[in-house]
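# Architecture at a glance
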Amino acid sequence: MIAKDAILSNGGANETFVLNLGPQHPATHGVLRVKMTMDGEYIVRAEPVCGYIHRMQEKMGENRTYAQFLPNTSRIDYLSAMTYTHGFVGAVERALKLQVPPRAEYIRVITSEMNRISSHLVWWGAFLLDLGGFTPLLYAFDDREKILDLLESITGSRLTYSYFRIGGVYNDVDDQFLKGTREFVAQMRPRLKMYRALVTDNIILRKRLIDIGPISKEMCRKYGATGPVIRGSGVTYDVRRVEPYSVYSEFDFVIPTCEETDSMARYAVRMEEMVQSLRIIEQALDKLPAGPVMAEKVPRVLKLPAGDYCYATEAARGRFAVRIVSDGKEIPYRVKLRTPSLSNLSLFEEASAGMLLPDALALMGSLDLVIPDIDR
Amino acid sequence: METPESNAQLLSDCAPYVKFAKLDEMLALGRANSLWPLTFGLACCAIEMMAAGASRFDISRFGAEVFRPSPRQADLMIVAGTVNKKMAAAVKTLYDQMPEPKWVIAMGNCAISGGPFVFPGQYAVVEGVDKLFPVDVFIPGCPPRPEALIEGLLKLEEKLTGKRRWPTVKPE
Amino acid sequence: MTTPNEPQPKVDSAPSASPPAVPAPTAVVPPKPVAATAPRPAAPAQPPPPPAPPAPNPLAHLPLPFKGVDYAAKGYHADATVSPDQVIAAAEVLDKEGLSLDTITGVDWMAEGQMEVVYDYFHPAKALRVVVRTRIPRDNPEIASIHKVFPGANWHERETHDFFGIRFLGHPNLTPFLLPEDADFHPLRKDYAP
């Protein structure tokens, strides 16, 4: 903090140099590139350069039908594919005024929350890998594989599920899945306690994260940051609570927030979110109603009435919103995907100014970026 | 008087006793058993590559766990994900920076052909990394399972040594 | 910097109110606490049944032509069509209201010879999602940048420029964002052909 003012108020009097980070760099989790103007070890300006994995998702929305676009939605943020598919099918269902059967909604919630835990586990492992600890990754992937086994048994895929369909879900869950999920919830609770003892309370981690990369509430608001980033800055914003979609309003869960605004706050929020997701899963399993998992009378050819339709979901990284503009044809006129990572990263330039380079990487890791989510 | 013919004669005479090719075979065996992949994740497939390196699948059983962040230290490039036109130059540079001998695995449909992101009039995706540099093993899938990546590694070993380390499991 | 900082339970804040529904979005800042967005009950099915009649306008006190929208049908609460020179004023008003910029995007209405620029806002504390839209001529798509009000608009505007060729006047760095550095095409225009 002391250095920050000195560096930034110097007005460029010191000699600076440009450091290019990425697009291939182990700490950027993919193909993000950051052009950094450095004054020694301190960052004067860090400008992210995006687009290295731009995959034309929005263009593809305009040249295929709604059902054909569905697989794309799992490949935007492949770590929390369920919530992304949910956003898209939700928008289409909203336009068609489709009533999704309650059982399908509960299954959606269960699978979304499991997906959220698996996403946070990947973040946890990879983030600690960035900070120099290799072992947590092995623990995280161990637990994650258990989730993937369960999800694979009903969706048929490990990562890019496309399990939610317009009007419901692809197939019903079986007893094995329900039993396995209960077992997983029971196993995961002590594991999270162990993670806390093993890593969260570790003095090295705390020294590395506390007071590093503060992001104020106001900065979050100005940049549109959402998800654990805004919650780590003390704002109780969660789409599941503010604009409750699906059946989220029926569950008792807490939106964890942290007033500290630093990297440790974002870390703590995500760790607590896993606990809350377990709670939601448990409640949903208890309440899971019987019945069909697919709405009746889903038209075979989907034509949305002309107009625009929005739907927002809480993905693991924050608010994911879909806007479909329809002109009444089988193919959408425009599909806009508002992804959380883009907004979350856009504040990096301001937040990282004056930081030490290794601290900036801790900040970047605490934002939990998925690069194809930014570039689409 | 040495002539090419006499040299050839000499080589064939001592062939039962001296095997020059054995050095190559030994080197190939060493290389095949300790492939050093470049840490280079692009998209979804990179997560499965991480999973292959992590607890359950444990790629180090096959000697390929030494993921190197620098291309100068790696001899295997696993292209795990979509390469688009903006990225293509960087991928090509990474390949050029790797020292010989080097091999490339194209992991996933995007790296093979552009995968699901190819449509008439597409403007961003490179339709297959073999347009940029030679590829030794293609692993289909979207994304391929970690087992598939391990199978791809075994295929590459087979290419290097000429024989397969593990028996093939026939699908039932 | 910090002292070791004893391992304290940093989380476990039990913030938001009653679990079941929306945090009652009553008072919309000072002037008139207009009826607020339909307090939707816990709805079991997908589009929650909207109890409110013609959709009240949660932003009626603002000097902008906001219209209330049925959230269950559309996914947002208020919608305003403004003239292109009003977008900065709209952003400033919504900024004062405490809203946050969700995204900026374009829609190419080729048949009408127009480009639509859509600004999405959301409120970080209550169920309030607002859309501001404006139309500009398609052959000369220019509009003022709002990055001074919301710095987060910077990237969204660059992206919209990439895709539609809409020029945001006053933007500090309107260079290709997702497309390659030398890109001179705008792929989401309806007449784009590679």
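See above for the structure.
The present account deals with the structure reproduced in this document. (Residues numbered from 1 in each chain as written. Chains lettered and ligands numbered in written order. Predicted model: local features only at pLDDT ≥ 70, side-chain atom pairs only at ≥ 80, totals over all residues. Heavy atoms only, no water.)

### Considerations on the interface of chain C and chain A
Contact with chain C, which involves 78 residues of that partner, is made by 80 residues of chain A. Connecting chain C to chain A are 11 salt bridges. A salt bridge links Arg338 of chain A to Asp102 of chain C; the nearest nitrogen and oxygen atoms lie 2.4 Å apart. Counting across the interface, chain C meets chain A through 23 residue pairs in polar contact (both at pLDDT 80 or more). Elements with a contribution of two residues or more to the side of chain C that touches chain A: helix H1 (71-74), strand S3 (100-109), strand S4 (114-122), strand S5 (129-137) and helix H3 (153-164) of chain C. In terms of residue count, the dominant contributor to the side of chain C that touches chain A is S3 of chain C (10 residues). Taken together, the residues of the side of chain C that touches chain A sort by class into 45 nonpolar, 16 polar and 17 charged. (Contact = heavy atoms within 4.5 Å. Salt bridge = Lys/Arg side-chain N within 4 Å of Asp/Glu carboxyl O. Polar contact = N/O pair within 3.5 Å; in protein donor to acceptor, adjacent residues only side chain to side chain. Helix = DSSP H or I, 4+ residues; strand = E, 2+ residues; numbered from the N terminus. Nonpolar A, V, L, I, M, F, W, Y, C, P; charged D, E, K, R; others polar.)

### Quick notes on the sheet that holds S4 of chain C
Residues and elements named next belong to chain C. If you trace the 5 strands from one edge of the open sheet to the other, you get S1-S2-S5-S4-S3, paired in mixed fashion. Edge positions in the sheet fall to strand S1 (66-68) and S3, since each of these pairs with one other strand and no more. Taking the axes of each pair of neighbouring strands and ignoring which way they run, one obtains an average angle of 20° across the sheet. When S1 meets strand S2 (residues 78-81), the two strands line up antiparallel, connected through 3 bridges. Note on S2: the bridge partner recorded for Phe66 is Ala80. Contacting S1, S4 and S5, helix H2 (residues 87-96) runs over the sheet at an angle of about 170° to S5. On the sheet, H3 packs against S3 and S4 and is oriented at approximately 10° with respect to S3. (Pairing = 2+ DSSP bridges. Axes fitted to C-alpha atoms, helices over the stretch in contact; angles between N-to-C directions.)

### Details of empty space enclosed by the protein
Within this structure, the stated rule accounts for 5 cavities of 30 Å³ or more. Of the volumes computed, that of the largest cavity is approximately 80 Å³. Considering the residues around the largest cavity, the lining is formed by 14 residues, among which Arg55 of chain A together with Cys44, Cys45, Cys110 and Cys142 of chain B are closest to the centre. Residue assignment for the lining of the largest cavity shows that the elements contributing at least two residues are helix H3 (44-53) and helix H5 (109-113) of chain B. (1 Å grid on protein atoms, 1.4 Å probe; cavity = no way out; pocket = protein on both sides within 12 Å on 5 of 7 lines; lining within 4 Å. Points joined across faces, edges and corners; volume = space filled by probe spheres on them.)

### So, the packing of aromatic side chains
Residues and elements named next belong to chain A. The tally for this structure, following the rule as stated, stands at 19 aromatic pairs over all chains. Seen from their ring centres, Phe127 and Tyr267 are 6.4 Å apart, and the 45° between their planes marks the pair as tilted. Remark: Tyr267 occurs in helix H12 (residues 263-287) and Phe127 occurs in helix H5 (residues 102-131); sequence separation between them is 140 residues. Pair check on accessibility: Phe127 and Tyr267 agree, each one buried. (Phe/Tyr/Trp six-rings, centres within 6.5 Å; stacked < 30°, edge-to-face > 60°. Buried < 20%, exposed > 50% of the residue type's maximum accessible area, 1.4 Å probe, protein only.)

### Digging into helix H3 (residues 66-73) of chain A
All names here are of chain A. Listed as buried for H3 are Tyr66, Phe69, Leu70, Asn72 and Thr73. For H3, the angular spread of buried residues about the axis comes to 160°, placing them on one side. Summarising the contacts, the buried residues of H3 are in contact with helix H2 (57-61), helix H4 (81-96), strand S4 (164-165), strand S7 (318-326) and strand S8 (334-338). (Arc of directions from axis to C-beta.)

### With respect to the packing of helix H6 (residues 135-155) of chain A against H3 of chain B
Running from amino to carboxyl end, H6 of chain A crosses H3 of chain B at an angle of 110°, the nearest separation of the two axes being 10 Å. What the angle tells us is that H6 of chain A and H3 of chain B run roughly perpendicular. Residues Leu137, Phe141, Arg144 and Glu145 of chain A of H6 of chain A touch H3 of chain B, and the partners they reach there are Ile47, Met50 and Ala51 of chain B. (Parallel < 35°, antiparallel > 145°, perpendicular 65-115°, else oblique.)

### Remarks on the sheet that holds strand S1 (residues 17-21) of chain A
Residues and elements named next belong to chain A. Read from one edge to the other, the open sheet built from 3 strands follows the order S1-S2-S3, with strand pairing classed as antiparallel. Of all strands in the sheet, those with a lone pairing partner are S1 and strand S3 (42-49), marking the two edges. On average, each strand axis in the sheet is inclined to that of its neighbour by 20°, with strand direction left out of account. When strand S2 (residues 33-39) meets S3, the two strands line up antiparallel, connected through 7 bridges. Opposite Thr37, over in S3, you have Arg45 as the bridge partner.

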